[in-house]
Amino acid sequence: MEELSNKLLNLFGAIMKFLLWLYLANISNRIRWVGSTIFRFGLLGLAIEYLLLSPHIRPVYFEHVMHFVHVTWVILIVAWLAILFPSERFILNVITIARRDRFLRDSLVARVLRLVKYIVKHDLLKLKFTKSLYQRIVTPKRIKILCIGLYIYDLYKGYRRALGDVVYLIAAYFSFVSASWIYVYLTGTQLYYYSIIDSSFDWGLAIVGFLMFKVLFLPDFSTIKDAVIRVVIKAVLHKTGIVKLGYNLEDKLNKYEQNVKG
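Here is what the cut-offs are and how they apply
- Residues numbered from 1 in each chain as written.
- Predicted model: local features only at pLDDT ≥ 70, side-chain atom pairs only at ≥ 80, totals over all residues.
- Heavy atoms only, no water.
- Core = buried A, V, L, I, M, F, W, Y, C linked by side-chain atoms within 4.5 Å.
- Buried < 20%, exposed > 50% of the residue type's maximum accessible area, 1.4 Å probe, protein only.
- Helix = DSSP H or I, 4+ residues; strand = E, 2+ residues; numbered from the N terminus.
- Contact = heavy atoms within 4.5 Å.
- Salt bridge = Lys/Arg side-chain N within 4 Å of Asp/Glu carboxyl O.
- Expected span 1.5 Å × (residues − 1).
- Arc of directions from axis to C-beta.

1. Concerning the nonpolar core
- Membership of the largest hydrophobic core comes to 14 residues, with the highest contact counts inside it found for F39, L53, M66, V69 and L76.
- Contributions of two or more residues to this core are made by helix 1 (2–51), helix 2 (62–82) and helix 6 (140–162).
- At six residues, the largest contribution of residues to this core is made by helix 2.
- Not counting residues within four places of it along the chain, the set of residues in contact with F39 comprises L76, A79, W80, A162 and L163.
- Grouped together as the second largest cluster of nonpolar side chains are six residues, V177, L191, I197 and F201 included.

2. Re the pattern of salt bridges
- Counted according to the given criterion, the structure contains two salt bridges.
- The salt bridge partner of R32 is D154, with a shortest N-O separation of 2.3 Å. Of this pair, R32 sits in helix 1 while D154 is found in helix 6, placing the two residues 122 residues apart along the sequence. With respect to burial, R32 and D154 carry one shared label: buried.
- A salt bridge links E63 to R58, with the shortest nitrogen-to-oxygen separation between them at 3.0 Å.
- E63 gets classed as exposed once you look at its relative accessible area, which sits at 52%.

3. Focus: helix 3 (residues 88–106)
- With 19 residues, helix 3 ought to run about 27 Å at 1.5 Å a step, and its terminal C-alpha atoms sit 27 Å apart, in line with that.
- Burial in helix 3 covers these residues: F90, I91, I95, D101 and R105. Seen along its axis, helix 3 keeps its buried residues to an arc of 135°; they face one direction. More than 90 degrees from the buried face of helix 3, the exposed residues found are R89 and R100.

And the structure:
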C-alpha cells in the first residue's frame, strides 16, 4: 500500500512539474511577443521623432524631442532583450527531447531490451561488448548542442519578426538622406544636421557598391547556407562513423559482385 501511494505521489509530482513548465513556457512566450510588438512600434515612433527634428534650422522643441528619443531608445533596448526569452514551442520541444531520451535510456522497456541484447550478443554469441547504436549516436553533449541549435533558430524566428519593418525604415531613411543631399547640392540651403546627411550618404553609396559587388561576384546567401548545412551534415556523419560504415558496405558489395561475375 505504501509503495502504491509513493508511485501515485511521484506521478502527481511529474504531472504538476509538467504543468508548471507549460505555465512558464506560456509566460515566456507572452513576454517575447510583447517585446517583439513594442520593438516594432518603437521603431516607428523613433522614425516619427527624428522626422520632427528635420526642419532647416534647429527647432525650439529640439531638447524636448531628444528627451523622448532617448526614452524610446531605452524602450527599444529593453524590448530587444525581451525577445531573448524562449518561445513556448522551444521549451516544449526541449521537454519532449529530454523525456524521450530518458525513456530510451532509463525506462523499463529500454532496460529489458538492453538485457536481452547482452544475453544474446555476449553470453550466447560471445561477441565483444559495445554500446547500443542510440547510445553511440545520441550523447548528452550532442543533446545539449541540439538544444543550443534549436534556441539559436528560435531566436532567429523571433528577431526576424521584430526586424520585419527595419528594411522599410532603412529604405525610407536613405531615401530621405538622398533627397536632402540632392536638395542641398542644388539649392545650397544650409541644414543644421547636414553633417549627418553627408556621412549617411557616403554610407549609402558604400552599401550600394557592396550590393553591386555581391550580385556580380558572390554567390547567393541561400547557396552559402546550403553549403554550410551540407558541410555540417558530413561532419556529423563522419563523427558518428556512419560514412565509414557506408564505405565498408560498399567494399563488401563490390567483393560479392566481383565473385558473382567471376
